[in-house]
Amino acid sequence: MYTQSMDIPDGAAKKPTAVPDAMSEQEAAFEARIAADGRIEPQDWMPAAYRKTLVRQISQHAHSEIVGMLPEGNWISRAPSLKRKAILIAKVQDEGGHGLYLYSAAETLGTGRDEMLEGLHSGKAKYSSIFNYPTLNWADVGVIGWLVDGAAIMNQVPLCRCSYGPYARAMIRVCKEESFHQRQGYEALLVMMKGTEEQKAMVQDAVNRYWWKCLAMFGPPDADSPHSAQGMRWGIKRISNDDLRQKFIDATVPQAKVLGVTLPDPDLKWNEARGHYDYGQIDWDEFWNTVAGNGPCNKERLATRVKAHNDGQWVRDAALAYAHKQQERAIKEAA
Amino acid sequence: MTTKPALKDWPLWEVFVRSKQGLEHKHCGSLHAADAGQALHMARDVYTRRQEGVSIWVLPSSAITASNPDEKGEFFDPAADKIYRHPTFYEIPEEVGHM
Ligand SMILES: [Fe+2]
Ligand SMILES: [Fe+2]
């Protein structure tokens, strides 16, 4: 999986909802449950803005899983060995599964699957921007597992405690599977780092291209993240963008060292006083530009996704026709 | 770029998985499928890729009748004042030991 911070509005900017003066009884009950760190389930009353935020976040998250299959899927037929190919197929299939867990969770909020897919296919809904960058060679596949899935894990673990029950349960399922994703990527890189100079250079090059983009996956700095506070108050978001980013950096620096690569940031150094690594400036202009649709692969990813969906239409039609035929036959036989 | 209507006509199914022999089936999510047989196959691929199950049930989501959360009070409260249904309600002399 892959969430980037899901503070990115689909279209119109949404202003944070103000707390109304007079709360209804239902609203008070909802607020009390949230305050007590309780869980909200599909049939429970919830404010419209809470529902809307969740539908947006969970569906964006689902879209990210589905589109996330594409950059790695490109390498299934070119994996360097049968073993790596089998591993990559399993990983990409997991991502498809993650998308399905999440669509299923989002549907409990009353939004249909077709509506969500329409949002993705029309370009109205967002997905994680990291997938709008190309996978140029095999090292990129390893780096995606290590860094992109690694960043995703940081993001997703706190979501297992999300206040919305179906989302939290889907995330527990997802998180169980993510560890394999990160480890297989890191291990593939370890193997390359024991190879030729050329192979080592490929790994370093892939790290150089992906590092900053992975840091941006956590979303804009807290100061520029107006929806974050509401998400935190509702127990949807548990740890802020900047804190998650810092956790990721602190965890990754030692891993890079063992692997034998450098991270492309001259400002990256341990800060004894803070007990964390300091790091340099993220290029947010580039991030927003990619979110806006102008990244190197936005058009290609969406077109591939839409084509796959349309090419599968006859399968869905045939399955339905078959189901109807079987039903009719059963009715006739019973008569 | 145009897209065709997606899964409108494929009904929603709820999936229940028995994780191992001796345990109950537990709800784990939902999926869309044309019919029950396909729902089972898809449930296997979506929810048991790592041998998480030895048996799967699927049933149409529309077949579920749920208690109304707004009536949670009236519905469940009658059990709240019947503390004599719990073993701790009864005091038994210590010399009796475990009972
Ligand atoms: Fe995933
Ligand atoms: Fe993953």
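Chain B carries the name Phenylacetate-CoA oxygenase subunit PaaB in an unreviewed UniProt entry, which gives Thauera terpenica 58Eu as its organism.

Colleague: Account for the coordination of the iron ion (ligand 2), with residues named and values stated.
Modeller: Residue and element names in this part refer to chain A. All of the protein donors around the iron ion (ligand 2) are Glu 95 (OE), Asp 149 (OD), Glu 178 (OE) and His 181 (ND1); their distances to the metal are 1.9 to 2.3 Å. Each of the four donor atoms bound to the iron ion (ligand 2) contributes to angles spanning 84 to 168°, and the resulting shape is irregular. Site description for the iron ion (ligand 2): donor spacing in sequence, E-x53-D-x28-E-x2-H. Between the iron ion (ligand 2) and the iron ion (ligand 1), both coordinated by Glu 95, there is a metal-metal distance of 3.3 Å. Highlighted residues: Glu 95 in helix H4 (residues 82-107) and Asp 149 in helix H6 (residues 138-156), separated in sequence by 54 residues. For Glu 95, a relative accessible area of 0% puts it in the buried group. Judged by its relative accessible area of 0%, Asp 149 falls in the buried class.

Colleague: Could you give me a rundown of the nonpolar core, with the residues and numbers involved?
Modeller: Counting residues in hydrophobic clusters, the biggest one holds 92 residues, and the most contacted among them are A:Tyr50 and A:Tyr164. Setting aside anything within four residues of it in sequence, one finds A:Tyr50 in contact with A:Phe30, A:Ile34, A:Ile40, A:Ser163, A:Tyr164, A:Trp234 and A:Ile236. Counting residues in hydrophobic clusters, the runner-up holds five residues, among them A:Leu320, A:Ala323, B:Trp10 and B:Ala34.

Colleague: Residues and numbers for H6(A), please.
Modeller: Residues and elements named next belong to chain A. Between its terminal C-alpha atoms H6 stretches 26 Å, which fits the 27 Å expected from 19 residues at 1.5 Å a residue. The largest bend in H6 is about 35°, located at Ile 144. For H6, a buried count of 19 out of 19 residues is recorded, marking the element as mostly surrounded by other parts of the structure. At the N-terminal boundary of H6, the capping side chain belongs to Asn 137, with an oxygen 2.9 Å from the backbone nitrogen of Ala 139.

Thresholds, definitions, all that
- Residues numbered from 1 in each chain as written.
- Chains lettered and ligands numbered in written order.
- Predicted model: local features only at pLDDT ≥ 70, side-chain atom pairs only at ≥ 80, totals over all residues.
- Heavy atoms only, no water.
- Donors = N, O, S within 2.8 Å, 3.2 Å for Na, K, Ca; no water.
- Tetrahedral: all angles 85-135°; square planar, octahedral: opposite > 155°, others 65-115°.
- Helix = DSSP H or I, 4+ residues; strand = E, 2+ residues; numbered from the N terminus.
- Buried < 20%, exposed > 50% of the residue type's maximum accessible area, 1.4 Å probe, protein only.
- Core = buried A, V, L, I, M, F, W, Y, C linked by side-chain atoms within 4.5 Å.
- Contact = heavy atoms within 4.5 Å.
- Expected span 1.5 Å × (residues − 1).
- Bend = angle between axes of the 7 residues up to and from the residue.
- Polar contact = N/O pair within 3.5 Å; in protein donor to acceptor, adjacent residues only side chain to side chain.

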